[in-house]
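Structure at a glance
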Amino acid sequence: MTEAPIGIFDSGYGGLTILRDIERRLPKYDYIYLGDNARAPYGTRSFDVVYDFTLACVRKLFSYGCNLVVLACNTASAKALRTIQQNDLPHIDPDRRVLGVIRPTVESIGAYSHNGHIGILATQGTVQSHSYSLEIAKLFPEMHVTEHPAPMWVPLVENGESDGPGADYFVRKYVSNLLKTDPLIDLIVLACTHYPLLYDKIRRYTPPHVRIMTQGETVADALALYLDRHPDIECYCSKGSETRFLTSENPRKFESLASIFMGRSVTAQRTDICVCGG
Ligand code: DGL
């Protein structure tokens, strides 16, 4: 293996909310961000399709040399991570690593909720996988978990409508549906990396006593711990403090939205992703 950037993958813009915190927490490393904007959203797609798309994107990041890839996407983490780790990596390259976002999020939930009533807002795919309730049951069996999908939120973000008035309707609707199902919820986990891009509106329609957890800091802390514990991987992560952005859609469109979300000017390149094993 040779030194290379850490790969950060999402179906679209959502993973930028994770990248922001990873860059802040671990500024010395290089990163390659890949957004599969041409195929987003993933959240309404079947298990097999999300797995195929995610594997193709992981292979693409490997082709750029990445030795470590973070799936900064809950849908991909729920539907593809385990199969990629257990079935694909041993054939592709047993020395490379792929990590997800669900386990580190669940591990830190205990610090955020007082009464153990947790609301999970996520894509349909993540909700249907029940990954969150299964993982929470392992670590915190006493907790009461309600999972609800918020299917319109990702399209609003991908289409640059997160600040628009149309977003208010769907934010209020999904938050109130969740809280009606369990009025005792004192923590809402935004279990989709796109959702922090709607944070201000979500906060506005959520009662003040309910905490809202986003994943960026938690995932960044988990990655820092992982690198500490795995010097054999860490030594192959290049350290030039540079981030490169790749998208499967129009790079100019990506640049304009990503620059807003990242709070700095972003330059992106288009990359083709071959879903059939390439
Ligand atoms: N940002 C992704 C997630 O965390 C996927 C959103 C989508 O493409 O539907 O689930």
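Quick look at the structure, then. (Residues numbered from 1 in each chain as written. Predicted model: local features only at pLDDT ≥ 70, side-chain atom pairs only at ≥ 80, totals over all residues. Heavy atoms only, no water.)

Attention now moves to the packing of helix 2 (residues 47–63) against helix 4 (residues 81–92). Following both chains from N to C, one finds helix 2 and helix 4 inclined at 40 degrees, their axes separated by 12 Å at the closest point. In terms of their interaxial angle, helix 2 and helix 4 are classed as oblique. Taken as a pair, helix 2 and helix 4 cross one another with a handedness that is right-handed. Along its contact with helix 2, which presents Phe47, Tyr51, Thr54, Leu55, Val58, Arg59 and Phe62, the element helix 4 presents Thr83, Ile84, Asp88, Leu89 and Ile92. Here the contact of helix 2 with helix 4 is composed, by residue class, of eight nonpolar, two polar and two charged. (Axes fitted to C-alpha atoms, helices over the stretch in contact; angles between N-to-C directions. Helix = DSSP H or I, 4+ residues; strand = E, 2+ residues; numbered from the N terminus. Parallel < 35°, antiparallel > 145°, perpendicular 65-115°, else oblique. Left-handed = near helix turned anticlockwise from the far one by under 90°. Contact = heavy atoms within 4.5 Å. Nonpolar A, V, L, I, M, F, W, Y, C, P; charged D, E, K, R; others polar.)

Glancing now at the site of the ligand. Residues in contact with the ligand amount to 13 residues; listed here are only the nearest, Ser11, Tyr42, Gly43, Thr75 and His194. For the ligand, an oxygen atom lies 2.7 Å from a polar atom in the backbone of Gly43. Protein contact buries 99% of the 300 Å² of open area that the ligand shows by itself. (Near = heavy atom within 4 Å. Polar contact = N/O pair within 3.5 Å; in protein donor to acceptor, adjacent residues only side chain to side chain. Areas by Shrake-Rupley, 256 points an atom, 1.4 Å probe, with all protein chains shown as cover.)

Per the stated rule, a full pass over the model turns up eleven aromatic pairs. Between Trp153 and Tyr174 the ring centres are 5.7 Å apart and the planes differ by 55 degrees, which places this aromatic pair in the tilted class. Taken together, the positions of Trp153 in helix 8 (residues 153–158) and Tyr174 in helix 9 (residues 165–181) put the pair 21 residues apart, joining distant regions of the chain. Neither residue differs from the other here; Trp153 and Tyr174 are each classed as buried. Note on Trp153 and Tyr195: the rings are 4.8 Å apart at their centroids and 80 degrees apart in plane angle, and the pair reads as edge-to-face. Separated by 42 residues along the polypeptide, Trp153 in helix 8 and Tyr195 in the loop between strand 7 (187–190) and helix 10 (199–204) bring together distant segments of the chain. Judged by relative accessible area, Trp153 falls into the buried class, the value being 0%. Take Tyr195: its relative accessible area is 0%, and that puts it in the buried class. Positioned over the ring face of Phe53 is Arg39, at 5.3 Å from the centre of the ring. Lying across the ring of Phe62, Arg96 places its NZ or CZ 4.9 Å from the centre. (Phe/Tyr/Trp six-rings, centres within 6.5 Å; stacked < 30°, edge-to-face > 60°. Buried < 20%, exposed > 50% of the residue type's maximum accessible area, 1.4 Å probe, protein only. Lys NZ or Arg CZ within 6 Å of the ring centre and 35° of its normal.)

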